[in-house]
Structure formats: structure tokens, C-alpha cells
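Here are the chains, one letter per residue:
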Amino acid sequence: MPMPLAVSEVDAPQDASLRVAQSSLRDPERAAQYLASQLLHPDLEGVLFFCSAEYDLPALATALKAHLEGVKMCGCTTAGELGIDGYSRGSIVALGFDRRAFTLDYRLIHELDRFTLIDAQCITDQLFDHCLRHGVAPLKGHTFAMTLLDGLSACEEQVLLTLTSVLAGIPHFGGSAGDDNRLTGTHVYGEGTFHAQAAVVLMINTALDFEVLSTHHLRPRGEKLVVTAADSEGRRVLELNAEPAAQEYARLVGCPVEALGPEVFARHPLAVRLHDKTYVRAIQGVNCDLSLNFYCAVETGIVMTAMQGTDLLEDLACEVEAIVERLGPAECILACDCFLRRLELEQAGLQPAAGEFYRRQRILGFNTYGEHCNGLHLNQTFSGVFIGRSRHDL
């Protein structure tokens, strides 16, 4: 029996410079066919997509190649999608860029743990050259980069630091791929297939105004936790304040160790302070030895500050409104939004309001296992790029 179209298969309004399609069809062949019907046109420059890890990824890769043959395409798996109607799960969200407003190209990094400065220079030189030869605007001031990394690779810090050193001031953001909170396998897509232990570096040149942004709604509570023992390579904290890490964290947040999980981690994050700014270090899980795994780098000796949330939607609205005052309304806000923020909204019953705000502001993207902004690997933030509208019809 054919699967009916979900609400998200209703055709979305299409702008000349950026087309958006979303499918919740579970069959990869039918989902890819639908996306192609919405995105293909003579001036299609390339496609960026975000898909649930619930799909049969090899079958989806085959279907995408068949129905979008010859189209430059990259993407990743998610911990939730930001689509036409706001928050989604179990779907594919795809953006088609028009070559009259955008020039784009990407490169795939195959071995993250062996990524060198020479590799980074080679990749960025190729991307710069493409934008210089085919760009719709000068390179400086009209180009940004986006990174998509395997969210379970534990290589984000190294890769981002290496890339930033050769990006020559090009604004940069991105996100770490998710797998619907299963923590078993995250993938990026490039060169026609899905890859683990890999990353995509996408460069976009555009005549449209844009601004890279990153924000979070968390403020310090005051309590401090010192990492007194850690396995930095495994992003694992063994001790906090010379006590078993999970036990000390549970004491801080006021719940038994047995109750620790993503919902508690979302409400009670920890952060490190650097140059008068706080950067969240989100907890991934509890181990049998009462150690804690983290999504970001941790080291013995760092001091973590307990954080508490303010109004998440108000914080994001203020950030967006300030950019609107500078650039005007958004054509699209391409977003990498931490899955812990989504979890916090769900617990507070605010997901419908957030989804409506995202829909109105045309926020599109995915829920991540980590966010990237100008070389930093972040947690529990909203990071992305605000792209202004065309000044005239293409």
C-alpha cells in the first residue's frame, strides 16, 4: 500500500535563489524522487541536505545519485531536522542553491585523524580557486565556509583548528552529524556516498548579504567543578573535585546518579571560561565506572562552571532581530542547532512555539552533536549563517 504524503511533502514556496524541499517518505527511492521534483531546475548550482539516520543510507545514496544525477551534493545525518514547518524527525531536508546567486563547491576529508595543515591548505586552495573562477561576487566579504563532521569522531577540535589556520579570515560555521540520539553511527555525505570518520568542507560565494552567528541562552550559576582526572583523547572525565565524576555532577544538580541522562544534561550544562566568554562542554553519557563522556574536548586541570538556562527563544529572537536590523529579512537562516536545545524545549513544552518561530524566520538545517563557529567546537548553541534576501528577481 503506498505511503501517503506527510505534511512536509506539501510543496513549499520557492524563491528564485534558494529552493527548499522536505520529505518524510520512508522509502529512499520515493523520497529522492520527490526531492528531485522540487529542486531540479536549469540553474541549480548544488544541493545541501540533512537526513535522519533512520534511513537505509546506502539505498538513499543510490537513490539520490539516480534522481539528482550530475548535481553537486553534500550533507549529513542528524539528531533531528529543521525544515519547512520547524522541527522534524525522520525526514530529509534539502536546499537547492541557484547559480545566479550562489557559487559553491565542497571537498571531502576522508581520514580525520590524519588531517594535516598541508591537506587543509590543498582543500582550501581548491575551493578558493573555484569561487574565484566561477563566483558571483568578489571572494572577500562575499564568501563563507561550512563544515559537517562525523559527530562521533572526537576529531572536531583538531580538524577545525587546522582548517581555520588556512581559511584566511573567511567566516566559518558548521555542525557535527547526529544519529537521532542513538550514539552508534554518524555520517557525512559526499562524492556520492555516506562516510564515517569523515568531514565535508563546503564553501559558498554569494552576492547576497550574510552574517555568521552563534548564540546560547546559558548563564553561569557560580558553582565550580575542577577536572582532577581525565582521558582527554577519549573526551572522558574520570574525576571532578577529586570525586568520581558522575557522582560529583549528580550531587551538584541534585539527583541520583541513576537518574542522569540527556534530559538532565540539557537542563544542567557545564561550561569552561575563555577570554571572558563561556563555552559549554555538554555531557554525552555516564559510564559504569562513574566517569562522564563529553561531546567536546576535556583535559585534566580545567575548571567547569555550572550553567543555567534563561529564555532560549527570547535569546535567539534577539539575535535574529539584531541581524534583521542590519541586513533586512532573511532569505534563509542555515542553522546547526544542538540537539540538547531541542530536548530542553521539548521538556518545557515549548517545541510548538519554537517550531513556529523557526518556520516564520525560515530557519533550516539540523540538530547537531556539536556546533562549529570560526574554528571553535561548541555545544548547546545555535550556530549558522543568516542569508539576506535578493534585492531583485533573478
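Residues numbered from 1 in each chain as written. Predicted model: local features only at pLDDT ≥ 70, side-chain atom pairs only at ≥ 80, totals over all residues. Heavy atoms only, no water.

### Examining the pattern of salt bridges
By the definition in use, this model includes 20 salt bridges. With its nearest N and O atoms 3.8 Å apart, the salt bridge here joins Glu346 to Arg89. With Glu346 in helix α8 (residues 339-347) and Arg89 in the loop between β5 (86-88) and β6 (92-98), the pair connects residues that are 257 residues apart, well separated along the chain. Relative accessible area serves as the criterion here: at 38%, Arg89 is assigned to the partly exposed category. Note that Glu211 is salt-bridged to Arg326, the shortest N-O span being 2.6 Å. One end of the pair, Glu211, is in strand β13 (residues 210-215); the other, Arg326, is in helix α7 (residues 312-327), and 115 residues separate them in sequence. With a relative accessible area of 23%, Glu211 lands in the partly exposed category. Each of the salt bridges in this network shares a partner with another, and the network as a whole consists of Asp43, Asp98 and Arg100. (Salt bridge = Lys/Arg side-chain N within 4 Å of Asp/Glu carboxyl O. Helix = DSSP H or I, 4+ residues; strand = E, 2+ residues; numbered from the N terminus. Buried < 20%, exposed > 50% of the residue type's maximum accessible area, 1.4 Å probe, protein only.)

### Focus: α8
Judged by how many residues are buried, α8 sits mostly within the fold: 7 of 9 residues are covered. What α8 keeps buried is the set Phe339, Leu340, Arg341, Arg342, Leu343, Glu344 and Leu345. Gly349 sits one or two residues past α8 and shows a positive phi near 70°.

### With respect to the confidence of the model for the chain
Per-residue confidence for the chain gives a mean pLDDT of 93; residues scoring 70 or more make up 95%. Every residue in residues 1-8 scores below 50 in pLDDT, and together they form 14 contacts with partners more than four places removed in sequence or on other chains. (pLDDT = per-residue confidence, 0-100. Contact = heavy atoms within 4.5 Å.)

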